[in-house]
Amino acid sequence: MRIFDSHCHIDDRCFDEDFNEMLQRAHAADIQAMMVVGINPKTTKKAIALAEAHDHLFTSVGIHPHDAKFCTDEIIEGFKALAQHPKVRAWGETGLDFNRMHSPRADQEKWFIRQIEAADEVDLPMIFHERDSEGRFLEILTSMGERERQGVVHCFSGSKDEMFHYLDLGYHIGITGILTIKKRGALLRELVALIPEDRILIETDAPYLTPAPMKNKVRRNEPAFVRQVLLTLAEIKGMDVESLADILWENTCRLYGIFK
């Protein structure tokens, strides 16, 4: 099978000691490509270096809402320059997170809007982050003009209405290991059955959100574990695993414009 981990953070220092072994485990689990997502200038540059060293790794540029208070016009311009790199295939992750509030709301909104504009300028699909924004995330997205913008709402955990709004806007839905968690993933398991097959991506968000049953054995998530998300999704959808893997691979490659 060909499986694409559409969103991971394997640039995290927790992978430094066993990085090559982690890649080997992913390969053994049929994970043949990974999107290493940037969240600030430092992680973006490290992710680009990793992608340069490994053919099956790709990356993005962006400022996470947690880091929005540190963003500047110079950083955005720097990202626009990095967007010309052949391994940079998306902008993000960016969005709004009103849960932990590591950055003030005003900063999050300002730089979210600016990053949408910048991604439009360099014609990159977007990787979105949304948590507890109480409708403000959708309000900003729908107010940003009529442009046909591509993107994925990563780690989707919202309501049915929110999901259909994202789909109506043309975006993909990113599904994590939450799908496998008995209690926490109950609503998500209901909703994924309603998502068109050509609009779903699967992801680990590694090193976070370890799926079951791995979460009972190890704390750190890694790309190999996205296979469990695929297996659970196939069961919910009542689909052959290999056929679904092919669909998800094509979805991810089409969104990120790779392996054409």
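In this report, the structure presented in the accompanying data block is examined.

Rules and cut-offs
Residues numbered from 1 in each chain as written. Predicted model: local features only at pLDDT ≥ 70, side-chain atom pairs only at ≥ 80, totals over all residues. Heavy atoms only, no water. Phe/Tyr/Trp six-rings, centres within 6.5 Å; stacked < 30°, edge-to-face > 60°. Helix = DSSP H or I, 4+ residues; strand = E, 2+ residues; numbered from the N terminus. Buried < 20%, exposed > 50% of the residue type's maximum accessible area, 1.4 Å probe, protein only. Lys NZ or Arg CZ within 6 Å of the ring centre and 35° of its normal. Contact = heavy atoms within 4.5 Å. Pairing = 2+ DSSP bridges. Axes fitted to C-alpha atoms, helices over the stretch in contact; angles between N-to-C directions.

Observations regarding the packing of aromatic side chains
For the coordinates displayed, the defined rule picks out nine aromatic pairs. Measuring from centroid to centroid gives 6.1 Å for Phe112 and Phe128, while their planes differ by 90°, and the two rings are edge-to-face. Highlighted residues: Phe112 in helix H4 (residues 105-122) and Phe128 in strand S5 (residues 126-131), separated in sequence by 16 residues. With a centroid separation of 5.4 Å and an interplanar angle of 10°, the aromatic rings of Phe112 and Phe137 are classed as stacked. Within this pair, whereas Phe112 is found in helix H4, its partner Phe137 is found in helix H5 (residues 136-143), the two being separated by 25 residues in sequence. Across this residue pair, the class does not change: Phe112 and Phe137 are buried. Pairwise contacts between aromatic rings join Phe112, Phe128, Phe137, Phe156, Tyr166 and Tyr171 into one cluster. The residue whose ring lies beneath Lys87 is Phe58, and the NZ or CZ to ring-centre distance is 5.1 Å.

Regarding the environment of Asp5
Relative to the elements of secondary structure, Asp5 occurs in strand S1 (residues 3-8). A sequence separation of 221 residues divides Asp5 from Val226, and the C-alpha atoms of the two residues are 6.4 Å apart. Sequence-distant contacts of Asp5, defined by excluding residues within four places in its chain, comprise Ile31, Ala33, Met34, Met35, Ile202, Glu203, Thr204, Pro223 and Val226.

Details of the sheet that holds strand S8 (residues 200-202)
Read across the open sheet, the eight strands follow the order S1-S2-S3-S4-S5-S6-S7-S8; overall the sheet is parallel. Every interior strand has two partners, whereas the edge strands, S1 and S8, have only one. Across the sheet, the mean angle from the axis of one strand to that of its neighbour is 30°, orientation sign disregarded. Relative to S5, strand S4 (residues 88-97) runs parallel, the two being bridged by five bridges. For Thr94, the partnering residue across the bridge sits in S5 and is Phe128. Contacts from H4 reach S4 and S5, with the element oriented near 160° to S4.

Points about unusual backbone geometry
In the segment running from Gly92 into Glu93, the intervening peptide bond is cis, with an omega of 20°. With respect to the element layout, Glu93 can be found in strand S4. In this structure, Pro213 follows Ala212 across a cis peptide bond, with omega equal to 0°. Locating Pro213 in the fold gives a position in the loop between S8 and helix H8 (226-237). Phi angles above zero are rare outside glycine, and Asp30 is one such case at about 75°. Its location among the elements puts Asp30 in the loop between helix H1 (19-28) and strand S2 (31-36).

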